[in-house]
Amino acid sequence: MYSPCAREVSEVCFHGCCTTPFHEPQSTPSRTSAAESRYDFELATVSSIHPNSQFTNHESLPSLEESFFNFTKAFSQYPLTDQADKIRQHEYHHLCSSDSVSLDYIGHGLFSYSQQETRNPSSLVASTSASPPPPPPSEAPFFDISCSSARLTSQLQYGGPESDLENQTRKRIMAFMNISEDDYTLVFTANQSSAFKLVADSYPFQSHRNLLTVYDYESEAVNLMIESSKRRGSRVMSAEFLWPSLRIHQTKLQKKILSKKKTKRRKRRGLFVFPLQSRITGNKYAYLWMSMAKENGWHVLLDASALGSKDMETLGLSIFKPDFLICSFFKVFGDNPSGFGCLFVKKSTCSILTDSDSIGIVRIVPAMTPTQLSHNSSTKSSDSNEVKQSNFKQKSPQIEEFNTAKNTEFQFKFKGLDHADSLGLILISNRARYLINWLVNALMSLQHPHGQPAIKIYGPKIKFNRGPAVAFNVFDWKGEKISPVLVQKLADRNNISLSCGVLLHILIPDRYEELKEEKFEGLNGKKREIKRQECGISVVTGSLGLLTNFEDVYKVWVFVSRFLDADFVEKERWRYTALNQKTIEV
């Protein structure tokens, strides 16, 4: 079938089978025209559902076809992004056939779903089939990870034995991230949290005492870094965020970054951990914070985990080179999110790190087939420690066989990364901009019959320069917040994958009575504010990826609109009990 740009909008197949995110496009002639363009974009977003529409009944929502017609009428450039729809149909057909929506992923997918057709080394060669059948779920996908006993400092300084799989993976990832091997060394880690802890365990907090983080949400990885750094004598600080925009409180952060006195200690400030954008709210932050930190003696860790697939190609990151950079890669989007983390260390920074117990470094080895696993299980040594130490050696023959296959040279294909490269930064960011702003507008159009909003958006709302993530909560007709965990569970039952998060470090004025989730009697003003920030605000969150399409965000809107029915939760509980013959606490 044809793509949206090849036929009338009313006949489009929504499965797709038929500018830089931080700066204005270079063609923008003036600041005035840029402001006008953003204003026009916001007006278009407001009219992208139906002018002045408010919906009080989930049955009154326009159809998918009508909604898409209005969407493409407001965002006339969206059909030009149909290349992403074609890739989704041909290489990720499970996203079309399973009728599911995956908005709970961060990171980058290494492979396409079509590459799971087989589970032998040849599966890493590009498939010639347009829509291969789903592979058997019991087979191992692509590779395994094996724990390494190497210390981070020695790994950075001397490296280690590297298989062809690791070599090609490293080179492909560094090319994808637009990072030069002349400037950085890449270390594979078990996950994102392991990468953060490795830095914390090796960073010289005894002499570079401060740790300053910029997160408007609770992060397990950051918490591990904080715990480790505190044990090693660090002084932990955090940026604070203004309510209700959740923008950085610039005066306070600037005060934390700047040195108080012009002494030698200015050159030994500490570690500044910066994400460039919030993966929960979609708020974006200026590159200049990294520049300010470096000018004032800080080492900079850039958390690139929440960045889009091609955001590393923006001009800013080619200028402000961080000392550390962390991101994560999973195997297949929408199917198996397991994978590994990546820690990039600037070579000129390696010398400051100290020796530590570097738990979390891993090796990437070819996956063993079920037959091989069965054979290894029958011949396994009784000494578990010996097995662990020889784990990589047992798999080495696989690597050798793979690299020297008779009359044949296999080339690893990371088609997930290839697809992002083929789409490019501008197409990906524009497509995400249209979809996320439409979703925010659609959610805000839901209200209860007496005029009470059903949805509250946290952070940026309709905004040209926002990230592809949204944080929100659902409120019932009494104005009481419905538990985000409950919303997530009900979404999951409707084949929609969302996440939950907790917003932290927010400066909430006393006049916002509805946000006082805890009582703070007996505390003075300063302690009361600190206590309130620590309690946080629990939210539901969704993140859009390069393969997200209009039908995905439409389904989220339809699902959330069902909470307009006062009995929706009770009906779902009864339905679950009827189907499973048991109750469940939600």
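Residues numbered from 1 in each chain as written. Predicted model: local features only at pLDDT ≥ 70, side-chain atom pairs only at ≥ 80, totals over all residues. Heavy atoms only, no water.

Colleague: Hey, could you go over the overall build of the chain for me, with residue numbers and the actual values?
Modeller: Scanning the chain from terminus to terminus reveals 19 helices and 18 strands. For the chain, buried positions account for 53% of its 586 residues. (Helix = DSSP H or I, 4+ residues; strand = E, 2+ residues; numbered from the N terminus. Buried < 20%, exposed > 50% of the residue type's maximum accessible area, 1.4 Å probe, protein only.)

Colleague: Quick one: what's the story with the packing of aromatic side chains, residue by residue and with numbers?
Modeller: This structure, assessed with the given rule, holds 35 aromatic pairs. Both rings, one in Phe68 and one in Phe71, keep their centres 6.2 Å apart while their planes meet at 35 degrees; by these two values the pair is tilted. A residue pair is termed a helical-turn pair when its members lie 3 or 4 positions apart in one helix, as Phe68 and Phe71 do in helix α2 (residues 64-74) at three residues. Like Phe68, the residue Phe71 is buried in the burial classification. Seen from the ring of Phe464, Arg433 lies directly overhead, with NZ or CZ sitting 4.0 Å from the centre. (Phe/Tyr/Trp six-rings, centres within 6.5 Å; stacked < 30°, edge-to-face > 60°. Lys NZ or Arg CZ within 6 Å of the ring centre and 35° of its normal.)

Colleague: Could you give me a rundown of the sheet that holds strand β14 (residues 469-474), with the residues and numbers involved?
Modeller: Taken in spatial order, the four strands make up an open sheet running β13-β14-β18-β16, and their pairing is antiparallel. Only two strands of the sheet have a single partner each, and these edge strands are β13 (455-458) and β16 (499-503). With strand direction ignored, the average angle separating the axes of adjacent strands in the sheet is 45 degrees. Where β16 and strand β18 (residues 537-543) come together, five bridges link them in antiparallel fashion. Note that in β18 the partner of Ser499 across the bridge is Thr541. Helix α15 (residues 415-444) rests against β13 and β14 of the sheet, and its axis sits at about 10 degrees to β14. (Pairing = 2+ DSSP bridges. Axes fitted to C-alpha atoms, helices over the stretch in contact; angles between N-to-C directions. Contact = heavy atoms within 4.5 Å.)

Colleague: Give me the nonpolar core: which residues, what numbers.
Modeller: Buried together is how nonpolar side chains tend to be arranged in soluble globular proteins. Counting 62 residues, the largest nonpolar core has Ile173, Met177, Phe272, Phe329 and Phe344 as the members making the most contacts within it. With residues up to four places along the chain from it excluded, the contact list for Ile173 reads Leu110, Leu186, Phe188, Phe329, Phe340, Cys342, Phe344 and Leu417. Grouped together as the second largest cluster of nonpolar side chains are 48 residues, Leu64, Phe71, Leu435 and Ile436 included. (Core = buried A, V, L, I, M, F, W, Y, C linked by side-chain atoms within 4.5 Å.)

Colleague: Explain α2 residue by residue, including any values.
Modeller: Every α-helix winds through 3.6 residues per turn, so residues three or four apart in the chain are directed the same way. Where α2 is concerned, the buried positions are Leu64, Ser67, Phe68, Asn70, Phe71 and Thr72. Elements in contact with the buried residues of α2: α15 and α18 (550-561).

Colleague: Can you lay out helix α6 (residues 164-176) for me, pointing to particular residues and giving the numbers?
Modeller: Between its first and last C-alpha atoms α6 spans 18 Å; for 13 residues at 1.5 Å apiece the expected length is 18 Å, and the two agree. Of the residues making up α6, those classed as buried are Leu165, Glu166, Gln168, Thr169, Arg170, Arg172, Ile173, Met174 and Phe176. Within two residues after α6, Asn178 carries a phi angle of roughly 60 degrees, on the positive side. (Expected span 1.5 Å × (residues − 1).)

Colleague: Break down the pattern of salt bridges for me, with residues and values.
Modeller: Considering all chains together, one arrives at 21 salt bridges under this definition. With its nearest N and O atoms 2.8 Å apart, the salt bridge here joins Lys197 to Asp201. Within this pair, Lys197 and its partner Asp201 are both found in helix α7 (residues 192-202), separated by four residues, close to a single helical turn. Sharing partners across several salt bridges, the network here consists of Arg172, Lys310, Glu313, Asp418 and Asp421. (Salt bridge = Lys/Arg side-chain N within 4 Å of Asp/Glu carboxyl O.)

Colleague: Outline the environment of Lys230, listing residues and values.
Modeller: Mapping Lys230 onto the fold places it in helix α8 (residues 220-231). In this structure the C-alpha to C-alpha distance between Lys230 and Ala200, which are 30 residues apart in sequence, comes to 9.4 Å.

Colleague: Break down the side chain of Thr349 for me, with residues and values.
Modeller: Relative to the elements of secondary structure, Thr349 occurs in the loop between β11 (336-346) and β12 (362-366). A relative accessible area of 3% means that Thr349 is categorised as buried. If sequence neighbours within four positions are ignored, Thr349 has contacts with His299, Asp323 and Phe324.

Colleague: Now, about the packing of α15 against α18: what can you tell me, with residues and values included?
Modeller: Close contact between α15 and α18 brings their axes to 10 Å; oriented N to C, the two are set at 15 degrees. The pairing of α15 with α18 is recorded here as roughly parallel in orientation. With respect to the hand of their crossing, α15 and α18 are arranged in right-handed fashion. Across the interface between the two elements, Leu435, Trp438, Leu439, Ala442 and Leu443 of α15 pack against Phe550, Val553, Tyr554, Val556, Trp557 and Val560 of α18. (Parallel < 35°, antiparallel > 145°, perpendicular 65-115°, else oblique. Left-handed = near helix turned anticlockwise from the far one by under 90°.)

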